[in-house]
Amino acid sequence: ELYLKQLRKDPDISDGTRETYAVVLKKVEHWLKETKQADLPAVRWGAGTMEKYRTWMRIDEKRMPATIRKHTQVIK
C-alpha cells in the first residue's frame, strides 16, 4: 500500500505500471486471505512463500506462465 502511494506521486511512472502493481497487490491479498496468512509480515516473504504463491497462481487461478512471471517480478 505504501509503495503504491509513493508510485502515485512519481511522474515518471506510467498509469499502466501503477495499475499493474495495484492488480498484483489485490491478487496477493486475496491469496493471503485464502491461505489464512493475512498476518504474514513482508519480511517473512521468502523463496518458499513465493513458490507457494506461484503454484497457487498456476493451479487455482489457472494463470499463464507469463502472468506468473510478471507477478513475481512485481513482488520482488
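Below is a short write-up of the structure. Just so we're clear, the structure is a prediction, and the values are computed from it rather than from any experiment. (Residues numbered from 1 in each chain as written. Predicted model: local features only at pLDDT ≥ 70, side-chain atom pairs only at ≥ 80, totals over all residues. Heavy atoms only, no water.)

### Details of the overall build of the chain
Here's step 1: Looking only at helices and strands, one finds 4 helices and 0 strands in the chain.
Here's step 2: Going residue by residue from the N terminus, the α and β elements of the chain occur as α-α-α-α.
Here's step 3: Expressed along its principal axes, the backbone C-alpha trace of the chain runs to roughly 35 × 30 × 20 Å.
Here's step 4: When the 76 residues of the chain are sorted by exposure, 24% land in the buried category.
Here's step 5: Sequence separation of 24 or more characterises 42% of the internal contacts of the chain that already satisfy a separation of 6 or more. (Helix = DSSP H or I, 4+ residues; strand = E, 2+ residues; numbered from the N terminus. Buried < 20%, exposed > 50% of the residue type's maximum accessible area, 1.4 Å probe, protein only. Contact = heavy atoms within 4.5 Å.)

### Re helix H3 (residues 47-59)
Here's step 1: Helix length check: H3, at 13 residues, gives a terminal C-alpha distance of 18 Å against a target of 18 Å (1.5 Å per residue), a fit within 8%.
Here's step 2: Taken as a whole, H3 has its buried residues at Thr49, Met50, Tyr53, Trp56 and Met57. Projection of H3 onto a plane perpendicular to its axis shows the buried side chains occupying an angular sector of 125 degrees, all on one side. Exposed positions of H3 whose direction lies more than 90 degrees from the buried face are Ala47 and Lys52.
Here's step 3: Packing partners of the buried residues in H3 comprise helix H2 (15-34) and helix H4 (65-75). (Expected span 1.5 Å × (residues − 1). Arc of directions from axis to C-beta.)

### Section: the packing of H2 against H4
Here's step 1: Remark: H2 packs on H4, axes separated minimally by 10 Å, with the N-to-C direction vectors making an angle of 95 degrees. By the angle class used here, H2 and H4 are roughly perpendicular. Here Thr20, Tyr21, Val24, Lys27 and Val28 of H2 come into contact with H4, specifically with Lys70, His71, Val74 and Ile75.
Here's step 2: Among the residues making up the contact of H2 with H4, the classes are represented as 5 nonpolar, 2 polar and 2 charged. (Axes fitted to C-alpha atoms, helices over the stretch in contact; angles between N-to-C directions. Parallel < 35°, antiparallel > 145°, perpendicular 65-115°, else oblique. Nonpolar A, V, L, I, M, F, W, Y, C, P; charged D, E, K, R; others polar.)

### Examining the pattern of salt bridges
Here's step 1: Enumeration over the complete set of coordinates arrives at 4 salt bridges.
Here's step 2: Across the pair Asp15 and Arg18 runs a salt bridge whose closest N-O atoms are separated by 3.0 Å. With Asp15 and Arg18 both in helix H2 and 3 residues apart, this pair spans about one turn of that helix.
Here's step 3: Salt bridges sharing common partners tie together Lys27, Glu61 and Arg63. (Salt bridge = Lys/Arg side-chain N within 4 Å of Asp/Glu carboxyl O.)

### Re the environment of Arg54
Here's step 1: By secondary structure assignment, the location of Arg54 is in helix H3.
Here's step 2: Linking Arg54 and Thr67, residues 13 residues apart in sequence, is a C-alpha distance of 9.9 Å.
Here's step 3: At 2.8 Å, the side chain of Arg54 forms a polar contact with the side chain of Thr72. (Polar contact = N/O pair within 3.5 Å; in protein donor to acceptor, adjacent residues only side chain to side chain.)

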